[in-house]
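What follows is the residue order along each chain.
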Amino acid sequence: MKQNIYDDPQFFKNYITLRESGVTYNDFIEQPAIKSMIPDLRGKTVLDLGCGDGHFSKYCVENGAQKVIGVDISENMIERANKINSDQRIEFMRLPMEDLTFAAGQTFDVIISSLAIHYIRDYSALIQNMYEMLANNGEFIFSIEHPIVTARKGSGHWVKDEEGTRQHWALDHYQEEGLREHDWFVDGVVVYHRTISTLINTLIENGFALNRILEPQSTPAGIEKMPKLINETRRPSFLVLKATIKP
Ligand SMILES: C[S@@+](CC[C@H](N)C(=O)[O-])C[C@H]1O[C@@H](n2cnc3c(N)ncnc32)[C@H](O)[C@@H]1O
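A quick note: this is a predicted structure, and the numbers were derived from the prediction, not measured.

Analysis parameters
- The residue numbers shown here count from 1 along each chain, following its written sequence.
- The predicted origin of the model limits local features to residues at a pLDDT of at least 70 and limits the giving and counting of side-chain atom pairs to 80 or more, whereas totals for whole chains, interfaces and linings rest on all residues.
- Secondary structure follows DSSP: runs of H or I at least 4 residues long count as helices, runs of E at least 2 residues long count as strands, and numbering of each begins at the N terminus.
- A radius of gyration in this sense is built from C-alpha atoms; the matching globule rule multiplies 2.2 Å by the number of residues raised to 0.38.
- Residues are called buried when their C-beta atom has 20 or more other C-beta atoms within 10 Å, exposed when it has 12 or fewer, and partly exposed otherwise; all C-beta atoms are positioned from the backbone.
- By definition, a residue lies near a molecule or strand when the C-beta atom built from its backbone is within 6 Å of it.
- For two strands to be treated as a pair, DSSP must find at least two bridges joining them.
- The nonpolar core is taken to be a set of buried Ala, Val, Leu, Ile, Met, Phe, Trp, Tyr and Cys residues joined by way of C-beta atoms within 7 Å.
- We call two residues in contact when the distance between their C-beta atoms, placed using the backbone, is within 7 Å.
- The directions considered for the arc are those from the helix axis to the C-beta atoms.
- Looking down the strands as they point away from you, a crossover is right-handed if its path from the first strand over the helix to the second goes clockwise.
- To get an axis, a line is fitted to the C-alpha atoms, and for a helix only the part in contact is used. The angle between two axes follows their N-to-C directions and goes from 0 to 180 degrees.

Enquirer: Sorry if this is basic, but what is going on with the overall build of the protein here?
Expert: Per the secondary structure count, the protein includes 8 helices and 11 strands. In terms of overall dimensions, the protein is globule-like: its C-alpha atoms have a radius of gyration of 18 Å, near the 18 Å expected for 247 residues. The dimensions of the protein, computed from C-alpha atoms along their principal axes, are 60 × 40 × 40 Å. The buried share of the protein, taken over its 247 residues, is 36%.

This is the structure we're talking about:
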């Protein structure tokens with residue numbers, strides 16, 4: 001059974017409120033990093049996996065993409081995506097990305113996924129499928145929660161002193177891959193922890209070549225607006241990977 005936590009009313013309300021604030025880890029760390037990986041999109045076809053409300057799909061057409069298909073498991077997200085994006089070049093589909101199929105031979109120039117693939121149980125099957133859907137000279141770019149963040153079981157991994165000052169980040173259970181439950185807006189949000197070697201070797205074993213990897217820090221504007229983002233220098237929150245088809 002695939003988790004669809006973004007259709008939980010409490011989770012969805014809190015998540016949208018956070019994203020609409022414009023003062024988030026996404027705004028100052030993850031989004032600038034993933035955008036820095038995106039090639040020239042003019043005339044390209046794009047598949048956006050776990051597209052949420054479609055703001056990244058919108059970014060792609062604004063930057064020249066000819067056609068974007070955004071896919072998300074959440075009815076709330078797809079409803080919102082259709083409401084706030086009217087560009088005819090974007091099409092939203094509600095379904096789990098694991099179940100995606102296209103007509104034989106239909107491929108995309110760019111496959112992107114912003115912070116959704118850590119929700120997928122069978123990473124290997126997804127990567128295999130994406131290999132089939134990527135055009136020969138295409139690029140597959142995705143961000144996930146960093147394995148340093150997903151590794152330890154439970155929640156609250158900063159070890160603090162009596163005054164609440166962060167002493168260090170607790171890393172544990174790193175080699176034990178699989179399901180983790182974190183408390184974020186609601187209890188028991190499921191993500192899947194994988195080691196960096198699994199993340200990369202699965203790409204290589206399925207015919208990809210790793211092109212670039214980022215463990216991004218905050219932009220200077222982010223540190224100004226959210227001083228706690230300085231802690232990203234102590235442990236990274238996100239990992240961004242770019243892969244191409246092995247020649
Ligand atoms: C953190 S949000 C990111 C949304 C969007 N990519 C963005 O950058 O704003 C993660 C998204 O992944 C979606 N998602 C989670 N599991 C999924 C699955 N199995 N298939 C498709 N989408 C999924 C969620 O519904 C949610 O919209």
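Enquirer: Where do I start with the site of the ligand in this structure?
Expert: Around the ligand lies a shell of 20 residues, among which Gly50, Gly52, Ser74, Ser114 and Ala116 are the nearest. Elements with a minimum of two residues in the shell around the ligand: α3 (55–62) and β2 (67–72).

Enquirer: What is the right way to read the pairing of strand β8 (residues 178–184) from this model?
Expert: For a regular strand, side chains alternate in direction, first toward one face of the sheet and then toward the other. Here β8 pairs with strand β9 (residues 186–193) via 6 bridges, running antiparallel. Bridging from a neighbouring strand, Gly178 pairs with His193 of β9. Hairpin geometry of β8 and β9 is characterised by an intervening segment of 1 residue between the two adjacent antiparallel strands and by a positive phi of about 70° at Phe185.

Enquirer: Whenever I open this one, the nonpolar core confuses me. Can you help?
Expert: Across soluble globular proteins, nonpolar side chains show a tendency to be buried alongside one another. Judged by nonpolar contacts, the single largest core of 50 residues is most densely connected at Val46, Cys60, Val110, Ile111, Ile112, Phe140 and Phe142. Ile111 has contacts with Leu47, Leu49, Met130, Met133, Leu134, Gly138 and Phe140, leaving out every residue within four places of it along the chain.

Enquirer: Is there a simple way to think about helix α5 (residues 123–133) in this case?
Expert: Think of an α-helix as turning once every 3.6 residues; residues three or four places apart then point the same way. Residues of α5 that are buried include every one of Leu126, Ile127 and Met130, and no others. For α5, the buried positions fall inside an angular range of 95° around the axis, keeping them on one side. Check the buried side of α5 and you find it contacts β4 (108–114), β5 (134–145) and α7 (196–205).

Enquirer: Help me understand the pairing of strand β1 (residues 45–49) in this model?
Expert: With respect to burial, β1 is a largely interior element, 5 of its 5 residues being buried. By the alternation rule, side chains of β1 split into Thr45, Leu47 and Leu49 and Val46 and Asp48, which are all buried. With α3 bridging β1 and its parallel neighbour β2, the resulting β-α-β unit is right-handed. Across 3 bridges, β1 lies against β4 in parallel orientation. Across the sheet, the residue bridging to Val46 is Val110, located in β4.

Enquirer: It is not clear to me how unusual backbone geometry should be interpreted in this structure. Could you clarify?
Expert: Working note: non-glycine residues mostly have negative phi, and peptide bonds are mostly trans. Of note in this structure, Leu115 is not a glycine but carries a positive phi near 55°. One can find Leu115 in the loop between β4 and α5.

Enquirer: Explanation requested: the sheet that holds strand β11 (residues 238–245) in the structure shown.
Expert: Strand order in the open sheet formed by 7 strands is β3-β2-β1-β4-β5-β11-β10, with mixed pairing between adjacent strands. Across the chains shown, the open sheet's two edge strands, defined by having one partner strand only, are β3 (90–94) and β10 (208–214). Going across the sheet, the axis of each strand differs from the next one's by a mean of 15°, ignoring polarity. Of the strand pairs in this sheet, β1 and β2 are connected by 5 bridges, and their pairing is parallel. By the bridge assignment, Leu49 is partnered in β2 with Val71. Contacts from α3 reach β1, β2, β3 and β4, with the element oriented near 175° to β2.

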